[in-house]
Amino acid sequence: MTGTDAGEGAGGAPGPERARPHPEAGDGVPHGRLSARPSASPPPSPPGAGEGGPGTHRLEGRALLRVPPPSGAGAPARPYWLVVVLHGAGGTAEQALTWLLPQAGSGRLLLLAPQATGSTWDVVGGGYGPDVARLDAVLHGVFRRFPVDPEGVAVAGFSDGASYALSLGLANGDLFGAVLAFSPGFMAPMVHHGHPRIFVSHGRDDPVLPVGTCSRRLVPRLAQSGYAVTYREFGGGHEVPSELATEALRWWVDGPRAA
């Protein structure tokens, strides 16, 4: 859980990404690009209770998908919104769900929590690869089974997961309309597509990823690059306070969709 920006770590040390970010279009895994895209149209065969009914389901690729209960009898069928939730270093998909599940509270919100192939996400070890491929495959499967609003897809994460959410979010802003980053340490997008809105929170007393060398550096750079950033510092350490998780979800759901 080290580093700040792509190619630059705290104090100028080498960061997690070996190559410099560059503007050339790259649509493959080495650029952190995801090819899966949602459709608001219902799938050909609606999922049954055994494969996609309400509850938490384990998917191929070691991911968890939380499907909400129906909105209510007689409610018109509408596409879901989806948020991908990324765990921190040494964490699990189960842990990732706990940050947003109590605050989800919507019959339209799918929560997808993938598991990293290693102890943390691939880019932290030096480059995009297996985690991008695994997430893309899982997203393809979810989008085949569920109608998802193309303007209602976000990526969130905590700690290394927040760094990865920022990295994937900036590289795939044509998929993710919003990024929810709780205590990020760095960002390492190889390419930039789209213009997602960004929510960042960080504890002032964080002993793991100090706010001064992490979010206080990242947020101004994001703003200078033209991203709409909402930033919240709180009196605490390396954590996701429930009230900030609630605020972040409301900020995403109630805010304008990305252009």
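About the thresholds
- Residues numbered from 1 in each chain as written.
- Predicted model: local features only at pLDDT ≥ 70, side-chain atom pairs only at ≥ 80, totals over all residues.
- Heavy atoms only, no water.
- Pairing = 2+ DSSP bridges.
- Helix = DSSP H or I, 4+ residues; strand = E, 2+ residues; numbered from the N terminus.
- Axes fitted to C-alpha atoms, helices over the stretch in contact; angles between N-to-C directions.
- Contact = heavy atoms within 4.5 Å.
- Salt bridge = Lys/Arg side-chain N within 4 Å of Asp/Glu carboxyl O.
- Core = buried A, V, L, I, M, F, W, Y, C linked by side-chain atoms within 4.5 Å.
- Buried < 20%, exposed > 50% of the residue type's maximum accessible area, 1.4 Å probe, protein only.
- pLDDT = per-residue confidence, 0-100.
- Phe/Tyr/Trp six-rings, centres within 6.5 Å; stacked < 30°, edge-to-face > 60°.
- Lys NZ or Arg CZ within 6 Å of the ring centre and 35° of its normal.

1. Focus: the sheet that holds strand β3 (residues 80–86)
Strands sit in the order β1-β2-β4-β3-β5-β6-β7-β8 across an open sheet of 8 strands; the sheet is mixed. The sheet is open, and its two edges are formed by β1 (55–59) and β8 (229–234), each paired on a single side. Averaged over all pairs of adjacent strands, the angle between their axes in this sheet comes to 15 degrees, without regard to strand direction. Two strands pair when backbone bridges link them, and β1 and strand β2 (residues 63–67) are joined in this way by 5 bridges, in the antiparallel orientation. Across the sheet, residue Arg58 finds its bridge partner in β2, namely Leu64. The strands that helix α2 (residues 93–104) touches are β1, β2, β3, β4 (109–114), β5 (148–158) and β6 (178–182); relative to β4, the one it contacts most, it runs at about 165 degrees. Docked against the sheet, helix α3 (residues 130–145) engages β1, β2, β3, β4 and β5, running at close to 155 degrees with respect to β4.

2. Points about the pattern of salt bridges
A full pass over the atoms with the stated rule returns 5 salt bridges. Here Arg58 makes a salt bridge to Glu94, at a shortest N to O gap of 2.6 Å. With a gap of 36 residues between them, Arg58 in strand β1 and Glu94 in helix α2 connect regions that are remote in the sequence. Three or more residues are tied together by salt bridges with common partners; here these are Arg33, Arg37 and Asp174.

3. Overview of the nonpolar core
Formed by 46 residues in total, the largest nonpolar core has its most connected members in Leu110, Leu112, Leu139 and Val142. Once residues lying within four places of it in the same chain are set aside, the contact partners of Leu110 are Leu65, Arg66, Val67, Pro68, Tyr80, Trp81, Leu82, Val83, Val142, Phe146 and Val148. One finds Val83, Leu100, Leu109 and Trp252 within the second-largest nonpolar core, a separate group that totals 28 residues.

4. Section: the confidence of the model for the chain
Summarising the model, the chain shows a mean pLDDT of 85, and 81% of its residues fall at 70 or more. Within the model, the stretch residues 1–18 combines pLDDT values under 50 with 56 contacts to residues more than four positions away or in other chains.

5. Some words on unusual backbone geometry
One non-glycine residue, Ser159, adopts positive backbone phi at about 60 degrees. Mapped onto the secondary structure, Ser159 falls in the loop between β5 and α4 (160–171). Given the relative accessible area of 1%, Ser159 is considered buried. Notably, Ser183 is not glycine yet its phi reads approximately 60 degrees, a positive angle. Within the fold, Ser183 resides in the loop between β6 and β7 (197–203).

6. A few points about the packing of aromatic side chains
Each aromatic ring pair is summarised here by two numbers: the centre-to-centre distance and the angle between the ring planes. All chains considered together, the criterion is met by 7 aromatic pairs. Look at Tyr80 and Phe146: their rings are 5.6 Å apart centre to centre, the planes differ by 80 degrees, and that puts the pair in the edge-to-face class. Here the residue Tyr80 occupies a position in strand β3, and Phe146 occupies one in the loop between α3 and β5, the gap between them amounting to 66 residues. With respect to burial, Tyr80 and Phe146 carry one shared label: buried. On the basis of an interplanar angle of 15 degrees and a centroid distance of 5.1 Å, the ring pair of Trp121 and Tyr164 is categorised as stacked. Pair noted here: Trp121 is in the loop between β4 and α3 and Tyr164 is in helix α4, with a separation of 43 residues, a long-range link. Of the two residues, Trp121 and Tyr164, neither departs from the other in class, the shared state being buried. An aromatic cluster of three or more residues is present, and its members are Trp121, Tyr128 and Tyr164. Above the plane of the ring of Trp81 lies Arg108, whose end atom (NZ or CZ) is 4.6 Å from the centre. In this arrangement the basic side chain of Arg197 is found over the ring face of Trp251, its NZ or CZ atom lying 4.2 Å from the centre.

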